[in-house]
Amino acid sequence: MRFPGVVYAFYERKLRRSLSGDRIPQHIGVMVDGNRRWAKLAGAPTSDGHQAGADKILEFLGWCEELGVRTVTLYMLSTDNLNRDADELEPLLNIIGNTMDRLAEKGDLRVQPVGALEILPQNLAKQLTGLGESTADAEGLHVNVAIGYGGRREIVDAVKELLR
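Presented here is an overview of the structure given in this document. In this numbering scheme, every chain counts its residues from 1 along its sequence in written order. Restriction of local features to residues with pLDDT of at least 70 applies here, the model being predicted, together with a cutoff of 80 or more for giving and counting side-chain atom pairs; totals for whole chains, interfaces and linings are based on all residues. Water and hydrogen atoms were dropped before computing side-chain values, which therefore reflect all heavy atoms in the structure.

**Section: the pattern of salt bridges**
Note on definitions: salt bridges are taken to be side-chain nitrogens of Lys or Arg within 4 Å of carboxyl oxygens of Asp or Glu. Following the criterion strictly, the structure yields seven salt bridges and no others. K56 is the salt-bridge partner of E59, the closest N and O atoms lying 2.7 Å from each other. Linking E59 with K56, this pair stays in helix α3 (residues 46-67), spanning three residues, or about one helical turn. Under the scheme applied here, a residue whose accessible area is under 20% of the maximum for its type counts as buried, over 50% as exposed, and between as partly exposed, the area being computed with a 1.4 Å probe on protein chains only. Residue class for E59 comes out partly exposed when judged on its relative accessible area of 34%. K56 gets classed as partly exposed once you look at its relative accessible area, which sits at 47%. Across the pair E161 and R164 runs a salt bridge whose closest N-O atoms are separated by 3.0 Å. One exposure class covers both E161 and R164, and it is exposed. To qualify as a helix, a DSSP run of H or I must reach at least 4 residues; to qualify as a strand, a run of E must reach at least 2; elements of each kind are numbered from the N terminus.

So, in structure tokens, the structure goes:
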């Protein structure tokens, strides 16, 4: 193990000891954001930033499981993000799909899609619905995957529901 790895392992153990079990949140929400900025600072293509962020999701969920967090909501793709250029949106949707495959491979996560799946490309909506159904009985970490969500959309949906 290299020196930075040793220092990081020491820091991680110290940090873990400082956490009180009765203060661990039961639900954590995460805005998966900043990947384009990260890529720009790294001089990399935007899709590399999205992939780096997706790779961290699995690591983050592992930390949550270790600490006893019961539910995580990942805010991954708002309705506003669906208006991005196709050159950026298509790779991003593929990365999200691949990330869902990786979540399914874990086998112990209960994944629940949240959002307006009907506005997503049909293949991704079907993948999310299938993942939700296939993991519905899993007893591990509950992961809400928010895709196709947005404040304006939620207001419109609420008004439509009231009118019905």
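**Observations concerning the side chain of R84**
Along the chain, R84 falls in the loop between β2 (71-78) and α4 (86-106). Here a polar contact means two N or O atoms within 3.5 Å. Within protein one must be a hydrogen donor candidate and the other an acceptor candidate, and residues neighboring in sequence count only if both atoms are side-chain atoms. At 3.0 Å, the side chain of R84 and the side chain of E88 are in polar contact. Once you skip the residues sitting within four places of it in the chain, R84 turns out to touch R36, H50, L89 and L92. Pairs of residues are marked as contacts when any of their non-hydrogen atoms sit within 4.5 Å.

**Describing the nonpolar core**
Here, the term nonpolar core denotes a set of buried Ala, Val, Leu, Ile, Met, Phe, Trp, Tyr and Cys residues that are joined through side-chain atoms within 4.5 Å. Counting 29 residues, the largest nonpolar core has L120 and V145 as the members making the most contacts within it. Going through the elements one at a time, α3, β2, α4, α5 (122-134) and β4 (142-149) are the ones with two or more residues in this core. If you tally residues by element for this core, the top one is α4, at six residues.

**Remarks on the pairing of β4**
Among the eight residues of β4, eight are classified as buried, and the element is accordingly described as predominantly covered. Any two strands with at least two DSSP-identified bridges between them are counted as paired. One ladder, built from seven bridges, connects β2 with β4; its direction is parallel. Of the residues in β4, the one forming a bridge with V72 is V143. When strand β3 (residues 110-114) meets β4, the two strands line up parallel, connected through five bridges. Bridge assignment links V111 to a residue of β4, and that residue is V143. With α5 bridging β3 and its parallel neighbour β4, the resulting β-α-β unit is left-handed. Look down the strands so they point away from you; if going from the first strand over the helix to the second traces a clockwise path, that crossover is right-handed.

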